[in-house]
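# Summary of structural features
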Amino acid sequence: MDFLLKLLLCLSILCINMASSSSSHRKQLEKGFVGGIEDEKQNPVDENVLQKHAAFFDLNKDGLIYPSETFQAMREIGSGVMLSTAAAVFINGPLSQATRPGKLPSPLFPIEVKNIKLGKHGSDTGVYDSEGRFVESKFEEIFIKHAHTHPNALTQDEVEELIKSNRDPKDIQGRTGGFVEWKVLYQLAKDKNGLLQKETIRGVYDGSLFEVLKKEHSKTINAA
């Protein structure tokens, strides 16, 4: 994933810490559930999961994500005003032009969802292919190669091993992004035993985590 896509991930994962104030959501994370689902779900091989991941922020579903939509979507998953503002600035700013090849820069900084694949590069796991599709074999490879202690979870040392194995010496930006992504993900989504569960990681890749956070935040507001 591109460094800025990883920033989006990190910002969204930070929201776990805020949204998980509800005991039910904390219990789900501790068990490695995403939305209370423990099954080994599959993603269609032709589905552009990266596009689906980004489309959560396209609130009016017009194919464009404006800074105001990024801000509002972040608020809907439990982010504070400052974090939501930072997301709108640091995500839409650079990603806008990257997803609008051949076009003049727009002062409105829209991100074109259909071109979100143009924001990815090397030094990643390969779970997203060049078209943004979810590659199940690459996802499983994470655990085949690095889950030495538990078949469906990663320890802190195993996350470190994963980060190092994906490094491209010439790809400084990608290496930095990978380091930030996995470090933040582990610190904020590990369970009570210090394990980063497989289905929690899947929820990040396929975007389902956003919907979980939105529902949990909505419940919190309605209960107040």
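See the structure shown above.
Predicted model, so just to flag it, every value in this text is computed and none were measured. (Residues numbered from 1 in each chain as written. Predicted model: local features only at pLDDT ≥ 70, side-chain atom pairs only at ≥ 80, totals over all residues. Heavy atoms only, no water.)

## Here's the deal with the overall build of the chain
In terms of helices and strands, the chain carries 10 helices and 4 strands. When the helices and strands of the chain are read in sequence order from the N terminus, they spell out α-α-α-β-α-α-β-α-β-α-α-β-α-α. Looking at the chain as a whole, 50% of its 224 residues qualify as buried. Surface summary for the chain: the accessible area is close to 10,700 Å², and the carbon and sulfur share equals 57%. (Helix = DSSP H or I, 4+ residues; strand = E, 2+ residues; numbered from the N terminus. Buried < 20%, exposed > 50% of the residue type's maximum accessible area, 1.4 Å probe, protein only. Areas by Shrake-Rupley, 256 points an atom, 1.4 Å probe, with all protein chains shown as cover.)

## Some details on the packing of aromatic side chains
A full pass over the atoms with the stated rule returns 7 aromatic pairs. Ring centres 5.3 Å apart and planes at 80 degrees place the aromatic pair Phe56 and Phe57 in the edge-to-face group. Exposure class is identical for Phe56 and Phe57. Each is buried. Ring centres 5.5 Å apart and planes at 50 degrees place the aromatic pair Phe134 and Phe139 in the tilted group. On the basis of relative accessible area, Phe139 is assigned to the buried category, the value being 0%. In textbook terms, an aromatic cluster arises when at least three aromatic residues are bridged by ring pairs, as seen for Phe134, Phe139, Phe143 and Tyr205. Cation over ring: Lys198 sits above Phe143, and NZ or CZ is 5.4 Å from the ring centre. (Phe/Tyr/Trp six-rings, centres within 6.5 Å; stacked < 30°, edge-to-face > 60°. Lys NZ or Arg CZ within 6 Å of the ring centre and 35° of its normal.)

## Considerations on unusual backbone geometry
Even without being glycine, Lys61 reaches a positive phi, approximately 55 degrees. Structurally, Lys61 is set in the loop between helix H3 (49–55) and strand E1 (64–65). Residue class for Lys61 comes out exposed when judged on its relative accessible area of 57%. Phi at Phe109 is positive, roughly 50 degrees, even though this residue is not glycine. By the element assignment, Phe109 lies in the loop between helix H5 (81–98) and strand E2 (111–112). Judged by its relative accessible area of 39%, Phe109 is partly exposed.

## Topic: the packing of helix H4 (residues 67–76) against H5
At their nearest, the axes of H4 and H5 sit 8 Å apart, and the two run at 140 degrees to each other. Crossing of H4 against H5: the hand is right-handed. Side by side, H4 and H5 meet where Pro67, Thr70, Phe71, Met74 and Arg75 of the first sit next to Val81, Leu83, Ser84, Thr85, Ala87, Ala88, Ile91 and Asn92 of the second. Across the contact of H4 with H5, the residue classes tally to 8 nonpolar, 4 polar and 1 charged. (Axes fitted to C-alpha atoms, helices over the stretch in contact; angles between N-to-C directions. Left-handed = near helix turned anticlockwise from the far one by under 90°. Contact = heavy atoms within 4.5 Å. Nonpolar A, V, L, I, M, F, W, Y, C, P; charged D, E, K, R; others polar.)

## Focus on the packing of helix H6 (residues 136–146) against helix H7 (residues 156–165)
At their nearest, the axes of H6 and H7 sit 10 Å apart, and the two run at 115 degrees to each other. Both H6 and H7 take part in a crossing whose hand is right-handed. Facing Ile142, Lys145 and His146 of H6, the residues of H7 in contact are Glu158, Glu161, Leu162 and Ser165. Of the residues belonging to the contact of H6 with H7, the class tally is 2 nonpolar, 2 polar and 3 charged.

## Digging into the nonpolar core
Counting residues in each nonpolar core, the largest one holds 38 residues, and the members touching the most others are Phe139, Ile142, Leu154, Trp182, Leu196, Ile201 and Tyr205. Those elements giving two or more residues to this core turn out to be H3, H4, H5, H6, H7, helix H8 (172–189), helix H9 (198–205) and helix H10 (208–223). Filtering out sequence-adjacent residues up to four positions away, Leu196 remains in contact with Ala153, Leu154, Val159, Trp182, Leu185, Tyr186, Ala189, Lys190 and Ile201. (Core = buried A, V, L, I, M, F, W, Y, C linked by side-chain atoms within 4.5 Å.)

## Observations regarding the environment of Asp62
Topologically, Asp62 is positioned in the loop between H3 and E1. Given a relative accessible area of 40%, Asp62 falls into the partly exposed group. Considering only alpha carbons, one finds Asp62 and Glu112, 50 residues apart in sequence, at a separation of 9.4 Å. Among the polar contacts listed, one links the side chain of Asp62 to the backbone nitrogen of Leu64, at a separation of 3.0 Å. (Polar contact = N/O pair within 3.5 Å; in protein donor to acceptor, adjacent residues only side chain to side chain.)

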